[in-house]
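So you can see what is in the structure, the chains are spelled out below.
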Amino acid sequence: MDRHTEDLITRLPGFGPATMVMTPEGEVPVDWLATGDRVLTRDHGAQPILWIGRHRVGAGDIAANPMLAPLWIGAGALGPGCPQHPTALAPLHRVLIDGPLVELNIGVHEGLARITDLADGVHVTDGDAGPVQYTQLLLPCHEVVQANGFWAETLHLDPDALALLAGDLPPDILSSAAVRRGHAFAVRPCLEGWEVAVLRGVGARSVHLLIRQVA
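Only a predicted model underlies this, so the values are computations on that prediction, with no experimental measurement involved.

Draft legend 1. Expanded view of the nonpolar core. In this structure, Leu 33, Val 95, Ile 97 and Leu 118 are the most contacted members of the largest nonpolar core, which totals 32 residues. Counting only elements with at least two residues in this core, the list comes to strand E6 (71-73), strand E8 (94-98), strand E12 (144-147), strand E13 (150-153) and helix H7 (193-200). Residues Leu 8, Leu 138, Leu 165 and Val 179 belong to the second largest nonpolar core, which totals 13 residues.

Draft legend 2. Focus on the pattern of salt bridges. Per the counting criterion, the structure on display carries 6 salt bridges. The closest approach of N and O atoms between Glu 110 and Arg 42, which form a salt bridge, is 2.7 Å. Of this pair, Glu 110 sits in strand E9 (residues 110-114) while Arg 42 sits in the loop between strand E3 (38-41) and strand E4 (45-48); the two residues are 68 residues apart in sequence, bridging distant segments of the chain. For Glu 110, a relative accessible area of 8% corresponds to the buried category. Classification of Arg 42 by relative accessible area gives partly exposed; the value is 28%. Linking Asp 98 and Arg 212 is a salt bridge whose minimum nitrogen-to-oxygen distance equals 3.1 Å. Placement of Asp 98 in strand E8 and of Arg 212 in the segment after H7 is noted, with a sequence separation of 114 residues between them.

Draft legend 3. Structural context of the layout of surface pockets. Reported here for the largest pocket is a volume of approximately 240 Å³. If you trace the largest pocket, you find 14 residues lining it, with Arg 11, Leu 12, Pro 13, Arg 94 and Asp 158 closest to the centre. If one sorts the elements of the lining of the largest pocket by residue count, helix H4 (residues 159-164) sits on top with 3 residues. Here the residues of the lining of the largest pocket are counted per class, giving 7 nonpolar, 1 polar and 6 charged.

Draft legend 4. Inspection of unusual backbone geometry at higher detail. Notably, Ala 18 is not glycine yet its phi reads approximately 70°, a positive angle. Counting through the fold element by element, Ala 18 comes out in the loop between helix H1 (3-11) and strand E1 (20-23). Despite not being glycine, Asn 148 has its phi angle at roughly 55°, a positive value. Positionally, Asn 148 belongs in the loop between E12 and E13.

Draft legend 5. Inspection of the pairing of E13 at higher detail. Neither face of E13 is exposed, since Phe 150 and Ala 152 on one face and Trp 151 and Glu 153 on the opposite face are all buried. Turn length for the E12-E13 hairpin, with the two strands adjacent in sequence and antiparallel, is 2 residues, and the turn residue Asn 148 shows positive phi of about 55°.

Rules used in this analysis
- Residues numbered from 1 in each chain as written.
- Predicted model: local features only at pLDDT ≥ 70, side-chain atom pairs only at ≥ 80, totals over all residues.
- Heavy atoms only, no water.
- Core = buried A, V, L, I, M, F, W, Y, C linked by side-chain atoms within 4.5 Å.
- Buried < 20%, exposed > 50% of the residue type's maximum accessible area, 1.4 Å probe, protein only.
- Helix = DSSP H or I, 4+ residues; strand = E, 2+ residues; numbered from the N terminus.
- Salt bridge = Lys/Arg side-chain N within 4 Å of Asp/Glu carboxyl O.
- 1 Å grid on protein atoms, 1.4 Å probe; cavity = no way out; pocket = protein on both sides within 12 Å on 5 of 7 lines; lining within 4 Å.
- Points joined across faces, edges and corners; volume = space filled by probe spheres on them.
- Nonpolar A, V, L, I, M, F, W, Y, C, P; charged D, E, K, R; others polar.
- Pairing = 2+ DSSP bridges.

Okay, structure coming up:
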């Protein structure tokens, strides 16, 4: 695997295979989605997919670089039937968290936490080490979408991601002022690892109490 692909996987969010993403027509495996399809977002209803990135990682790649390995949310880890089957996310993929603990300790009602910071060995684990395919979804704005019964972010085209993807994105997206405006800010405050540690407390509070399920 070349260095560029490694950077895309270890520095950007990515949905693992068979993650069910909600669309206006119902849930669709992320592997089946195509540019132009619409997905349902938490804040702005149905939004079109502007670009999709897909990267396959083999077991040998993960053995050579463990940072490529996904984190797994176990079946039923967030509540009955949520998610319905184990769900893989790229290590830096952020999920929506909320609740009194978030507001009390961080000062916001909802935030985005990296799945790697939520790993607890029970509900979120290292799990299977490959092979795996990651899918990145770029929408007109940074959004959160329904993924296997919880809320997870789409690709945030911030300056770092834009520089990383400059050779991969179509010219019309790279030159779009509307896309740049839509990605000027994250959809929710992005928590640092130490902030998530505060939420979990000395006793490593169970993460299923924090991850926001789809109501």
